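Spelled out from the first residue to the last, the chains are:
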Amino acid sequence: MEALWGYVFLLPQFIGLIAFALIPLVSIFALSLVKWDGLGPMHFIGLANFFNQFADPDFRTALINTVYYTILVVPAGLLLALLVAMGVNKVRAKTIYRVIYFMPVITGSVAVSVIWIWLLDGNFGLINVLLDQWFHIKGPQWLVDAHLVIPSIAIVSIWWGLGFNMLLFLAGLQGIPGSYLEAAKIDGANKFQLFRHITLPLISPTLFFVTVISIIHSFEVFDQTYVMTGGGPGKDSYTIVYHLYTLAFQKFEFGSASAAAVVLFAILLALTLLQFTLQRRWVYYEG
């Protein structure tokens, strides 16, 4: 009877998984093989959508921009979140700091983007005003300069996701047994040696988890580019998910959009599997 009730409570989650994950996933693979505008009849064209995407300069631009964005966001976001977590872990009022750092995370992405549009405005934005008043430096056109638009969006994303990653690292740090650190101190270990040989190995599972989800989220960036730049200037902030949106909801090429989504899925799957393979060399699981 207890097992039956267990299945009853699992049923809503199981139905949600099928309806909102498995069925859409299968549908994407099916749509990637057809030509369809969303209203008319479907025409099976096989792998033509994939060949067209690989030959499409917009797709290549979107992929390059997304990889560049990921390279900027993931390492910097992980390092900053870990440093903040280590600092918060040493203060008494941890709850207050956790709330302060987590507040941006629960703020809507559109609201965050709109606020940062004002902050990064090249003419009257607060950041350029402060640069002018404090350092007598003329601030750049953050969201208009082709060389700065991706780094600017990356800064917004790092700030926005800092609290979430910080909480994960803080949980990992608080899970380190104090006896390990005390024993190392007795043996004469300094702060760097404590971090290198005790802290870092014991939070490596947390670091691995945060790395995986950070890469996935970075490849799926859309809200910031849509609201802040519209993929511009030109296509300098044109990302893969923005490319999917353009194909599906502006050009109504649902087959091509599905093919691009399958390619994105394959890239993320390959990167995740690679990380799971490499984690055997550096992730330490206690016990």
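All residue numbers refer to position in the chain's written sequence, counted from 1. Confidence filtering applies because this is a predicted model: local features only for residues at pLDDT of at least 70, side-chain atom pairs given and counted only at 80 or more, and all residues used for totals across whole chains, interfaces and linings. Calculated side-chain values reflect all of the structure's heavy atoms, with hydrogen atoms and water omitted.

## A short note on the overall build of the protein chain
Thinking step 1. The helix and strand tally for the protein chain stands at 13 helices and 2 strands.
Thinking step 2. Referenced to the eigenvectors of the C-alpha coordinate spread, the extents of the protein chain come out at roughly 75 × 70 × 35 Å.
Thinking step 3. Taken over 287 residues, the protein chain has a buried fraction of 38%.
Thinking step 4. Residues are treated as being in contact if the distance between any of their heavy atoms lies within 4.5 Å. Considering only residue pairs separated by 6 or more positions, the protein chain has 68% of its internal contacts joining residues 24 or more positions apart.
Thinking step 5. Element-wise, carbon and sulfur atoms account for 71% of the exposed surface of the protein chain, whose accessible area totals about 17000 Å².
Thinking step 6. Charged side chains in the protein chain number 14 positive and 14 negative. The centres of these two groups are separated by 10 Å. Segments assigned H or I by DSSP are reported as helices when at least four residues long, segments assigned E as strands when at least two residues long, and all are numbered from the N terminus. Note on exposure labels: buried denotes an accessible area under 20% of the residue type's maximum, exposed denotes more than 50%, and partly exposed covers the range between, all computed with a 1.4 Å probe on protein chains only. Computed with the Shrake-Rupley method and a 1.4 Å probe, the accessible areas treat only the protein chains shown as cover for residues. Only four residue types enter the tally: Lys and Arg on the positive side, Asp and Glu on the negative side, with His and both chain ends excluded. Each charge is placed at NZ for Lys, CZ for Arg, CG for Asp and CD for Glu.

## Topic: the layout of surface pockets
Thinking step 1. By volume, the largest pocket is sized at about 510 Å³.
Thinking step 2. Of all the elements in the fold, those that place two or more residues in the lining of the largest pocket are helix H3 (57-88), helix H7 (149-174), helix H10 (204-219) and helix H11 (223-228).
Thinking step 3. Looking at which element gives the most residues to the lining of the largest pocket, the answer is H7, with 7 residues.
Thinking step 4. The class makeup of the residues in the lining of the largest pocket is 12 nonpolar, 8 polar and 2 charged. In this analysis the probe radius is 1.4 Å and the grid spacing 1 Å, with only protein atoms considered; a cavity is a set of points the probe fits into but cannot get out of, a pocket is an open set with protein on both sides within 12 Å along at least five of seven lines, and lining residues have an atom within 4 Å of a point. Grid points are joined across faces, edges and corners, and a volume is the space filled by probe spheres set on the points. Each residue gets one label: Ala, Val, Leu, Ile, Met, Phe, Trp, Tyr, Cys and Pro are nonpolar, Asp, Glu, Lys and Arg are charged, and the others, such as Gly, are polar.

## Structural notes on the nonpolar core
Soluble globular proteins tend to pack their nonpolar side chains together in the buried interior.
Thinking step 1. Leu 78, Ala 85, Met 166, Phe 169, Phe 219 and Leu 264 are the most contacted members of the largest nonpolar core, which totals 38 residues.
Thinking step 2. Those elements that provide at least two residues to this core are H3, H7, helix H9 (191-202), H10, helix H12 (240-249) and helix H13 (254-282).
Thinking step 3. Among the elements that make up this core, the one with the highest residue count is H3 (9 residues).
Thinking step 4. Not counting the four nearest positions on each side in its chain, Ala 85 is found in contact with Met 166, Phe 169, Leu 170 and Leu 173. Within this scheme, the nonpolar core is defined by two criteria: the residues are buried Ala, Val, Leu, Ile, Met, Phe, Trp, Tyr or Cys, and they are joined through side-chain atoms within 4.5 Å.

## A few points about the side chain of Thr 70
Thinking step 1. Relative to the helices and strands, Thr 70 resides in helix H3.
Thinking step 2. For Thr 70, a relative accessible area of 9% gives the class buried.
Thinking step 3. Residues within four places of Thr 70 in sequence aside, it is in contact with Pro 75, Ser 218 and Phe 219.

## Things to note about a nonpolar patch on the surface
Thinking step 1. Like-charged residues are merged into a patch within 9 Å and nonpolar side chains (Val, Leu, Ile, Met, Phe, Trp, Tyr) within 5 Å, provided each residue has over 30% relative accessible area and no salt bridge. Whenever Lys or Arg places a side-chain nitrogen within 4 Å of a carboxyl oxygen from Asp or Glu, that contact is recorded as a salt bridge. A contiguous nonpolar patch, built from Leu 11, Phe 14, Ile 15, Leu 17, Ile 18, Leu 22 and Ile 23 and spanning about 620 Å² of accessible area, is present on the exposed surface.
Thinking step 2. Topologically, Leu 11 is positioned in helix H1 (residues 2-31).
Thinking step 3. By relative accessible area, Leu 11 is classed as partly exposed at 44%.

## Observations concerning the packing of helix H5 (residues 109-119) against H7
Thinking step 1. Close contact between H5 and H7 brings their axes to 11 Å; oriented N to C, the two are set at 130 degrees. By the criterion of interaxial angle, the relationship of H5 to H7 is oblique. The handedness of the crossing between H5 and H7 comes out as right-handed. Contacts from Ser 109, Val 112 and Trp 116 of H5 reach H7 at Ile 155, Val 156, Trp 159 and Trp 160.
Thinking step 2. In terms of residue class, the contact of H5 with H7 is built from 6 nonpolar, 1 polar and no charged. Fitted lines through C-alpha atoms give the axes, limited to the stretch in contact for helices. The angle between two N-to-C directions lies from 0 to 180 degrees. The scheme is simple: roughly parallel for angles under 35 degrees, roughly antiparallel for over 145, roughly perpendicular for 65 to 115, oblique for anything else. Left-handed describes a crossing in which the near helix is turned anticlockwise from the far one by less than a right angle; the clockwise case is right-handed.

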